[in-house]
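Descriptive analysis of the structure
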Amino acid sequence: NPSWYTAYTPYQAEIAQGRLEALLNFQTVVSNLTGLPLANASLLDESTAAAEAMHMFFSNRSKDQKKSNANKFFVSDLVLPQTIAVLMTKADGLDIDIVVGDFNSMELDATFFGVLLQYPGKNGVVVDYTEIIKKYKELSLQVALACDPLALVKLKSPADLGADCAVGTTQKFGIPMGYGGPHAAFFTCKEDYKRDIPGRIIGVSQDMYGKRALRMALQT
């Protein structure tokens, strides 16, 4: 009975193959656009997806970063204000220090563990972050890009730029209200994070008769 379930709950494979297929298609499109191999199917909006990326990076700090208690997260001033607001709230509970500034002039050091950039920026500017991300990588920083999926049809992909994770909202693609969130977010990352990626991942499996079947492959 569809009145008893929402976009969040129909993961019982026997009643939801159609819904699961839609979610698998969603993951595949996101993966293709961002160039990153691992995509999930159930985050709320761009702001909370960015906060989840920060939390994931914090959990995945290197041994040296954990030892020195690297707890600063750099956020470009081109990031949307509502995203920064949600990041601040999330960071407060994790004892993360958010530093907002101009990525061109901000000097980062070993006290930082991650970075969030907006692509295109809140003012519409498109920046090729390839060189700046290389510099971040020399400092062992993890990099997330908040992206516009429609722009990614034309722009260099986050993977090509060197990012570890890409987040954003699919409202630009007309994904409707109620499809997992206010306007369902996307979240995609490198394989290294497969045990830490938030949300649910739909995968292809097979049923007891050996036929193709979809299921929730991972929930974290």
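Anyway, here's the lowdown on the structure attached to this text. Every residue gets a number counted from 1 within its own chain, in the order that chain's sequence is written. A pLDDT threshold of at least 70 governs which residues receive local features in this predicted model, and a stricter bar of 80 or more applies before side-chain atom pairs are shown or counted, although totals over entire chains, interfaces and linings include all residues. Side-chain measures here rest on the full set of heavy atoms in the structure, leaving out hydrogens and waters.

All right, on to the overall build of the protein chain then. Of the regular secondary structure elements, the protein chain holds 6 helices and 9 strands. In the protein chain, buried positions account for 49% of the 220 residues. In the protein chain, the proportion of contacts linking residues at least 24 apart, taken out of those at least 6 apart, comes to 68%. In short, Shrake-Rupley with a 1.4 Å probe defines the accessible areas, and a residue's cover is counted only from the protein chains shown. Entry remark: accessible area of the protein chain is about 10,900 Å², with carbon and sulfur atoms responsible for 53%. Under the DSSP-based scheme used, a helix requires at least four consecutive residues in state H or I and a strand at least two consecutive residues in state E, with every element numbered from the N terminus. A simple rule labels every residue: compare its accessible area, found with a 1.4 Å probe on the protein chains alone, to the largest value its type can have, and call it buried under 20%, exposed over 50%, or partly exposed in between. Should any heavy atoms of two residues lie within 4.5 Å, those residues are considered in contact.

With that settled, consider the packing of aromatic side chains. Paired rings are identified among Phe, Tyr and Trp, the last through its six-membered ring, by centres lying within 6.5 Å, and are further divided according to the angle between planes into stacked (under 30 degrees), edge-to-face (over 60) and tilted (the rest). The full count for this structure, using the stated rule, is 5 aromatic pairs. Taken together, a centroid distance of 5.8 Å and an interplanar angle of 45 degrees make the contact between Phe57 and Tyr193 tilted. Here Phe57, found in helix 2 (residues 46–59), pairs with Tyr193, found in the loop between strand 7 (185–189) and strand 8 (200–206); they are 136 residues apart in sequence, far enough to count as distant. Accessibility classification places Phe57 together with Tyr193 in one group, the buried group. Among the aromatic residues, ring-to-ring pairing joins Phe58, Phe73 and Phe113 into one connected group.

The next subject is the sheet that holds strand 7. For two strands to count as paired, DSSP must find a minimum of two bridges between them. Pairing within the open sheet is mixed, and its 7 strands lie in the order 1-7-6-5-4-2-3. This sheet does not close on itself; its edge strands, each paired only once, are strand 1 (38–39) and strand 3 (97–101). Lines are fitted to the C-alpha atoms to define the axes, a helix being fitted only along its stretch in contact, and any angle between axes, read from their N-to-C directions, falls within 0 to 180 degrees. Against the sheet, helix 5 (residues 130–138) engages strand 2 (72–76), strand 4 (112–119) and strand 5 (142–147), with an angle of about 150 degrees to strand 5.

This part covers the nonpolar core. Ranked by size, the top nonpolar core spans 31 residues in total, and within it Phe73, Leu87, Leu116, Cys165 and Phe187 carry the most contacts. At 8 residues, the largest contribution of residues to this core is made by helix 2. With sequence-adjacent residues up to four places away left out, Leu87 is seen in contact with Ala50, Ala51, Met54, Phe73, Val75, Ile98 and Leu116. By convention a nonpolar core is built from buried Ala, Val, Leu, Ile, Met, Phe, Trp, Tyr and Cys residues, the set being connected through side-chain atoms within 4.5 Å. Counting residues in hydrophobic clusters, the runner-up holds 28 residues, among them Phe103, Val127, Cys147 and Ala163.

Attention now goes to the pairing of strand 6 (residues 165–169). Note on strand geometry: in a regular strand, side chains alternate between the two faces of the sheet. Burial of strand 6 is extensive: 5 of the 5 residues sit out of reach of the surface. Bridge count for strand 5 against strand 6 is 4 bridges, and the pairing is parallel. Among the inter-strand pairings, Cys147 is bridged to a residue of strand 6, identified as Gly168. Pairing between strand 6 and strand 7: 5 bridges, direction antiparallel.

Let us look at unusual backbone geometry. Following Tyr119, the chain continues to Pro120 via a peptide bond in cis, the omega torsion being -10 degrees. Mapped onto the secondary structure, Pro120 falls in the loop between strand 4 and helix 5. We note that Asn69 has phi near 55 degrees; this positive angle belongs to a residue other than glycine.

Taking 1.5 Å of rise per residue, 18 residues should cover 26 Å, and helix 1 (residues 17–34) covers 26 Å from first to last C-alpha, within 8% of that figure. The set of residues buried in helix 1 consists of Leu20, Leu23, Leu24, Phe26, Gln27, Val30, Ser31, Leu33 and Thr34. Positive backbone phi, at 80 degrees, marks Gly35, one or two positions downstream of helix 1. Helix span is expected to be 1.5 Å times the residue number reduced by one.

Right, let's talk about the packing of helix 2 against helix 4 (residues 81–94) for a bit. The angle between the axes and the distance between the axes are what describe a pair of packed helices. Orientation of helix 2 relative to helix 4, taken along the N-to-C sense of each, is 35 degrees, at an axis distance of 8 Å. Seen along the crossing, helix 2 lies across helix 4 with a hand that is right-handed. Where helix 2 abuts helix 4, its residues Glu46, Ser47, Thr48, Ala50, Ala51, Glu52, Met54, His55 and Phe58 lie against Gln82, Thr83, Val86, Leu87, Lys90, Ala91 and Leu94. For the contact of helix 2 with helix 4, the residue count by class is 8 nonpolar, 5 polar and 3 charged. Note on convention: near helix rotated counterclockwise from far helix by under a right angle means a left-handed crossing. Clockwise means right-handed. Only Asp, Glu, Lys and Arg are considered charged, only Ala, Val, Leu, Ile, Met, Phe, Trp, Tyr, Cys and Pro nonpolar, and every remaining residue, Gly among them, polar.

Turning to the environment of Lys137, a few remarks are in order. Mapped onto the elements, Lys137 comes out in helix 5. What Lys137 contacts, discounting residues up to four positions off in sequence, is Gln142, Val143, Gly162 and Asp164. Two N or O atoms count as a polar contact when they lie within 3.5 Å, although within protein this holds only if one can serve as hydrogen donor and the other as acceptor, and sequence-adjacent residues are included solely when both atoms are side-chain atoms. A distance of 3.0 Å separates the side chain of Lys137 from the backbone oxygen of Leu141, its partner in a polar contact.

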